[in-house]
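Tertiary structure, described
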Amino acid sequence: MNKRRLGAGGPEVSALGLGCMGMSEFYGTADESESVAVIHRALELGVNFLDTADMYGMGHNEELVGRAIAGRRDEVVLATKFGIVRSANPAERTIDGSPEYVRKACDASLRRLGVDRVDLYYLHRRDTRVPIEETVGAMAELVAAGKVGHLGLSEVSAETLRRAHAVHPIAALQSEYSLFTRGIEQEILPAARELGVALVAYSPISRGLLGGTLPPAGELPDDDFRKHLPRFTGESGARNEALVAEVRKIADEVGCTPAQLALAWLLTRGEDVVPIPGTKRLRYLEENAAAAGIELAAGQVAALESAVPAEAVLGDRYPDMSSIEQ
């Protein structure tokens, strides 16, 4: 597995990481023993960049990741996030970027993970009530205290990224980026490159849509949140499935799966782009990891982008996009 660096002075990570969210929530039932096996297999394959957050499973995901890496901490570049606060009502969420909450959330994450330091600590969503300078200033104190190695932000605008970076170096910006989600190419990705900030691409297979194996949204289990996502339903779902069929044609020519093609395409976007496909299944982990070895010719990249123009994908990424800075 090739390596890429997060930011000018950030950690070196595997070119593909592993998103662990689905091991605890959002994508239907997961088997905990298989989830731990997935993490162990990822490390065997050289996938050392693990991504979690305190909100995934309301703390369960951090605990699971902590158990999986116990005794193997030195093999892992560990990233977690804070800022989305949940309550007993699973659908209720608020955003908190106050300095007091920054400190409280970090200590709680360290306890759940069973570690004394995380390598990369993200603000999951910006709290518009708190100046970003105050939030990042408190995060910088965690670096000084040795609890955090490097800082990251998730789903912020170019302006917010610049303001944050002026307070303390930001190693990575985590945003949704895939063949189906390319809006960040206009302003956000150029700003990150201007500042020397790496782009960690979540949902690089568009929540499985680019894998070409999902049933229609109406047939998904009730505990699979994709059942209600705009891109998966109605006219948008039908249109996007037609685009996936075009991706499959090119994948067949390349000799890989549509999911692998989507990941290989992202890896051509630049050495500063690190996709973190999520999975809770061993077979998908191994399929995804193998994508790092696929080299696309310029003509294949051009054909793929021609088949799936950025503006062709229909539907918002979430039912409520209000917490996403554009």
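What you see is a predicted model, and the numbers here were worked out from it, not measured in a lab.

Moving on, we come to the overall build of the chain. Each helix and strand counted, the chain has 10 helices and 12 strands in total. With 326 residues in all, the chain has 55% of them scored as buried. Contacts in the chain between residues at least 24 apart in sequence constitute 76% of all its contacts with a sequence separation of at least 6. A total of about 13200 Å² of accessible surface is found on the chain, and carbon and sulfur atoms cover 49% of it.

Quick look at the sheet that holds strand S8 (residues 118-123) now. Reading across the sheet, the 8 strands line up as S3-S4-S5-S8-S9-S10-S11-S12 and stay open at both edges, with parallel pairing between neighbours. Lying at the two open borders of the sheet, with one neighbouring strand each, are strand S3 (18-19) and strand S12 (273-275). Relative to S8, strand S5 (residues 77-82) runs parallel, the two being bridged by 4 bridges. Residue pairing across strands places lysine 81 opposite tyrosine 122, the latter belonging to S8. In the packing of helix H8 (residues 258-267) onto the sheet, the strands contacted are strand S11 (198-202) and S12, and the crossing angle to S12 comes to about 160 degrees.

In terms of burial, helix H2 (residues 60-69) is a largely internal element, 7 of the 10 residues being buried. Among the residues of H2, those classed as buried are Asn61, Glu62, Leu64, Val65, Gly66, Ala68 and Ile69.

This part is about the pairing of strand S10 (residues 170-176). In terms of burial, S10 is a largely internal element, 7 of the 7 residues being buried. Of the strand pairs in this sheet, strand S9 (residues 148-154) and S10 are connected by 4 bridges, and their pairing is parallel. From the neighbouring strand, leucine 151 faces S10, where its bridge partner is isoleucine 170. This β-α-β element, S9 to helix H5 (residues 158-167) to S10, shows right-handed connectivity. Chirality of the crossover, the property in question, places the unit of S10, helix H6 (residues 188-195) and S11 among those that are right-handed.

The next point concerns the packing of aromatic side chains. Throughout the structure, instances matching the rule amount to 2 aromatic pairs. Each ring, one from phenylalanine 82 and one from tyrosine 121, has its centre 5.0 Å from the other, and the planes form 20 degrees; the classification is stacked. Taken together, the positions of phenylalanine 82 in strand S5 and tyrosine 121 in strand S8 put the pair 39 residues apart, joining distant regions of the chain. Summarising the burial analysis for this pair, phenylalanine 82 and tyrosine 121 share the class buried. Plain terms: the ring middles of tyrosine 177 and tryptophan 265 are 6.0 Å apart, the flat faces sit at 65 degrees to each other, and that makes the pair edge-to-face. On the criterion of sequence distance, the pair formed by tyrosine 177 in the loop between S10 and H6 and tryptophan 265 in helix H8 is long-range, its members being 88 residues apart. Of the two residues, tyrosine 177 and tryptophan 265, neither departs from the other in class, the shared state being buried.

Cut-offs used in this document
Residues numbered from 1 in each chain as written. Predicted model: local features only at pLDDT ≥ 70, side-chain atom pairs only at ≥ 80, totals over all residues. Heavy atoms only, no water. Helix = DSSP H or I, 4+ residues; strand = E, 2+ residues; numbered from the N terminus. Buried < 20%, exposed > 50% of the residue type's maximum accessible area, 1.4 Å probe, protein only. Contact = heavy atoms within 4.5 Å. Areas by Shrake-Rupley, 256 points an atom, 1.4 Å probe, with all protein chains shown as cover. Pairing = 2+ DSSP bridges. Axes fitted to C-alpha atoms, helices over the stretch in contact; angles between N-to-C directions. Right-handed = clockwise from strand over helix to strand, strands pointing away. Phe/Tyr/Trp six-rings, centres within 6.5 Å; stacked < 30°, edge-to-face > 60°.

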